Amino acid sequence: MNAAETRALLGALRAAHARGQRAAIATVVGVRGSAYRREGTRMLILDDGAQVCMLSGGCLEAEVVEVALDVIRTGDSALTHYDLSEDATWGLGIGCGGSVDVRVERVDPDDAVTAAWLGALEAGQKAALIVPLRPGAGRLLVTLDGEALGDLRADLRPFALAAARERLTHLEPRAATLIAPDGSAVFVDVSTPPPQLVLYGAGHDAMPLAAQAHALGYDVHVIDPRSAYLTPGRFPGATLHALAPEDLAAFTPGERAHLIVMNHHIDRDRVCLAHALHSGAPYVGVLGPRSRALDLLSALEEEGVTFTPAQLGRLRSPIGLRLGAEAPEEVALSILAELMAWRRGYDGSFLSGHAGRIHHEPTHPVTPPLPAEVPAEPPAGPEPVTGVGTSPTR
């Protein structure tokens with residue numbers, strides 16, 4: 001579930017509570033075979049039947065609303081299995097060829113674990129919520145610094161802590177249902193900061209890129225020394241930084257930052273590229289042909305500014321998928337398509353004719369190791385690109 005959907009869901013939940021309405025949250029906790037959405041997708045249902053966000057392409061929503069209304073009335077959570085296959089005798093007959101498990105729980109804002117979980121989602125903090133799918137086992141919220149809150153059954157606690165901490169070591173952690181040592185199913189939901197998009201340059205072509213990224217839930221930042229270009233009207237929803245090249249040290253990208261150099265000004269681009277590569281951000285892109293990025297690196301080298309192989313391995317140029325993009329809006333689509341594929345570990349190729357799985361291999365059921373200490377793992381994502389110019393043009 002992306003940050004934009006989470007933002008919409010939480011906003012609707014706040015408004016509902018202000019009106020005195022009760023609500024439930026439905027969460028996809030298991031997927032087998034083909035389905036529109038993956039584990040961790042959420043939908044809000046209000047006591048009048050209204051819904052915010054979707055669990056599928058419209059296949060499940062009406063059924064889930066009926067379950068949710070009963071959950072809101074009784075307060076008892078529900079776990080429902082939906083068969084999406086065409087020939088299922090008792091299924092929905094939708095034809096997706098898979099099945100989905102959905103857990104629905106009434107939202108109690110006075111519950112400490114619920115309040116802390118909603119707070120983590122609201123603030124974009126890394127946290128994991130452990131929910132056994134067997135009723136009566138409690139819940140546990142684990143934060144990135146290791147703090148745990150909840151009343152999880154004692155025999156499940158070591159497993160839950162290890163599973164949560166392992167998930168939180170990944171740059172792009174995914175929700176999943178895991179199988180505990182006692183054979184019971186345990187859902188691990190995750191909260192993460194929204195991905196960050198940093199644009200060096202506030203030109204005309206930066207506007208559709210910033211707007212589309214904001215709509216997808218990115219935390220968008222635009223850096224440019226020309227304050228007249230940095231206006232909310234040009235970049236709604238973005239954080240604006242009127243920084244001259246010599247002042248770039250005042251801005252520190254986040255751990256999930258994607259930095260794109262697009263000033264269309266050779267001197268500013270050169271300084272911005274140095275700042276981006278020295279920042280430690282996992283993705284650094286330069287708009288334009290490969291020759292431009294090479295020229296910038298050569299100019300920096302002449303000035304005595306050099307980079308390690310690891311830093312250069314994070315540089316991508318040209319950026320974007322090869323879509324035949326020409327207009328600024330099309331170029332923005334091309335770039336964001338690459339960012340999505342890069343973040344989630346896909347190659348951006350055509351799905352037509354693809355015989356394998358569309359999404360990642362399923363994580364249900366899986367029994368993770370239960371070490372005394374969970375070792376840190378490298379962030380999830382694709383292998384780094386070596387050198388400059390290895391990604392295709394748009």
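Owing to the predicted nature of the structure, the values given are computational and were not obtained by experimental measurement.

> What is the right way to read the overall build of the chain from this model?
In terms of regular secondary structure, the chain is built from 9 helices and 16 strands. Here the chain, with 394 residues, has 47% of them falling under the buried criterion. Put simply, 61% of the contacts in the chain that link residues at least 6 apart link residues at least 24 apart. Entry remark: accessible area of the chain is about 18300 Å², with carbon and sulfur atoms responsible for 54%.

> Sorry if this is basic, but what is going on with the sheet that holds strand E5 (residues 99-106) here?
Strands pair in a sheet through their backbones, by hydrogen bonds, and they do so in one of two ways: parallel or antiparallel. An order of E3-E2-E1-E5-E4 is seen for the 5 strands of this open sheet, with the pairing classed as antiparallel. The open sheet has two edge strands, strand E3 (51-52) and strand E4 (78-83), and neither has a second partner. Judged from the 6 bridges that link them, E4 and E5 form a sheet pairing that is antiparallel. What sits directly across from Leu79, in E5, is Arg103. In the packing of helix H1 (residues 3-18) onto the sheet, the strands contacted are strand E1 (23-32), strand E2 (42-46) and E3, and the crossing angle to E2 comes to about 20 degrees. Sheet strands touched by helix H2 (residues 61-74): E1, E2, E3, E4 and E5. Its angle to E5, the strand with the most contacts, is close to 30 degrees.

> Help me understand the sheet that holds strand E12 (residues 219-223), please; the structure alone is not making it clear to me.
Strand order in this open sheet of 6 strands is E13-E12-E11-E14-E15-E16, and the pairing throughout is parallel. Looking along the sheet, the strands with just one partner apiece sit at the ends: strand E13 (239-241) and strand E16 (315-316). Sheet topology places strand E11 (residues 196-200) next to strand E14 (residues 257-261); 5 bridges connect them, and they run parallel. Opposite Leu197, over in E14, you have His258 as the bridge partner.

> I keep staring at the nonpolar core and nothing clicks. Help me out?
A general tendency of soluble globular proteins is for nonpolar side chains to be buried together. Judged by nonpolar contacts, the single largest core of 25 residues is most densely connected at Leu197, Leu199, Leu209, Val222, Ile260 and Ile335. Residue assignment for this core shows that the elements contributing at least two residues are E11, helix H5 (206-215), E12 and helix H9 (328-344). When near neighbours in sequence (up to four residues on either side) are disregarded, Ile335 contacts Leu209, Ile260, Leu287, Ile319 and Gly320.

> Help me understand the packing of H1 against helix H3 (residues 112-123) in this model?
Packed helices, taken two at a time, are described by the angle between their axes plus the distance between the axes. Contact pair H1 / H3: the axes reach a minimum separation of 10 Å and the direction vectors enclose 130 degrees. One element, H1, and the other, H3, form an angle in the oblique class. Crossing hand, H1 versus H3: left-handed. Where H1 approaches H3, its residues Thr6, Leu10, Leu13 and Arg14 are matched on the opposing element by Leu118, Leu121 and Glu122.

> Just to check I follow, could you spell out the packing of H5 against H9 for this structure?
Here H5 crosses H9 at 45 degrees, and the two axes come no closer than 8 Å. The angle between the axes of H5 and H9 places the two elements in the oblique class. The way H5 lies across H9 gives a crossing that is right-handed. Residues Pro208, Leu209, Gln212 and Ala213 of H5 touch H9, and the partners they reach there are Pro328, Glu329, Ala332, Leu333, Ile335 and Leu336. Grouping the constituent residues of the contact of H5 with H9 by class yields 8 nonpolar, 1 polar and 1 charged.

> Honestly, the environment of Asp219 in this entry has me stumped. Any pointers?
Tracing the backbone shows Asp219 in strand E12. Taking the C-alpha atoms as reference points, Asp219 and Thr239, separated by 20 residues in sequence, lie 8.0 Å from one another. Ignoring anything within four residues of it in the chain, the contact list for Asp219 reads Pro194, Pro195, Gln196, Leu197 and Thr239. A polar atom in the side chain of Asp219 sits 3.1 Å from the side chain of His221.

> Please explain the pairing of E14 as it appears in this structure.
If a strand is regular, its side chains alternate between the two faces of the sheet. Burial of E14 is extensive: 5 of the 5 residues sit out of reach of the surface. Burial of the side chains of E14 extends over both faces: Ala257, Leu259 and Val261 are buried on one face and His258 and Ile260 on the other. Relative to strand E15 (residues 283-286), E14 runs parallel, the two sharing 4 bridges. Bridge pairing in E15 places Leu259 opposite Val284. Remark: the E14/helix H6 (residues 266-278)/E15 crossover connection has right-handed handedness.

> Can you help me understand H3 in this one?
The periodicity of an α-helix, 3.6 residues per turn, causes residues three or four positions apart to be oriented the same way. In this model H3 runs 16 Å from its N-terminal to its C-terminal C-alpha over 12 residues, within 8% of the 16 Å that 1.5 Å per residue would give. Taken together, the buried positions of H3 are occupied by Val113, Thr114, Trp117, Leu118, Ala120 and Leu121. For H3, the arc enclosing every buried residue in end-on projection is 155 degrees, short of the 170-degree limit, so these residues lie on one face. Between the side-chain oxygen of the N-cap and the backbone nitrogen of Val113 there are 3.2 Å, and the N-cap of H3 in question is Asp111. At the C-terminal side of H3, Gly124 shows a positive phi close to 65 degrees.

> Would you mind showing me how to read the packing of aromatic side chains here?
Where two aromatic rings form a pair, the distance of their centres and the angle of their planes describe that pair. All told, the structure shown has 1 aromatic pair when counted by the stated rule. With a centroid separation of 5.4 Å and 75 degrees between ring planes, the pair formed by Tyr283 and Trp342 is classed as edge-to-face. Taken together, the positions of Tyr283 in strand E15 and Trp342 in helix H9 put the pair 59 residues apart, joining distant regions of the chain. Here the two residues Tyr283 and Trp342 agree in accessibility, since each one is buried. Lying over the aromatic face of Tyr229, Arg226 brings its terminal NZ or CZ to 4.0 Å of the ring centre.

Here is what the cut-offs are and how they apply
- Residues numbered from 1 in each chain as written.
- Predicted model: local features only at pLDDT ≥ 70, side-chain atom pairs only at ≥ 80, totals over all residues.
- Heavy atoms only, no water.
- Helix = DSSP H or I, 4+ residues; strand = E, 2+ residues; numbered from the N terminus.
- Buried < 20%, exposed > 50% of the residue type's maximum accessible area, 1.4 Å probe, protein only.
- Contact = heavy atoms within 4.5 Å.
- Areas by Shrake-Rupley, 256 points an atom, 1.4 Å probe, with all protein chains shown as cover.
- Pairing = 2+ DSSP bridges.
- Axes fitted to C-alpha atoms, helices over the stretch in contact; angles between N-to-C directions.
- Core = buried A, V, L, I, M, F, W, Y, C linked by side-chain atoms within 4.5 Å.
- Parallel < 35°, antiparallel > 145°, perpendicular 65-115°, else oblique.
- Left-handed = near helix turned anticlockwise from the far one by under 90°.
- Nonpolar A, V, L, I, M, F, W, Y, C, P; charged D, E, K, R; others polar.
- Polar contact = N/O pair within 3.5 Å; in protein donor to acceptor, adjacent residues only side chain to side chain.
- Right-handed = clockwise from strand over helix to strand, strands pointing away.
- Expected span 1.5 Å × (residues − 1).
- Arc of directions from axis to C-beta.
- Phe/Tyr/Trp six-rings, centres within 6.5 Å; stacked < 30°, edge-to-face > 60°.
- Lys NZ or Arg CZ within 6 Å of the ring centre and 35° of its normal.

Take it as geometry only, folks, not as evidence of what the structure does.
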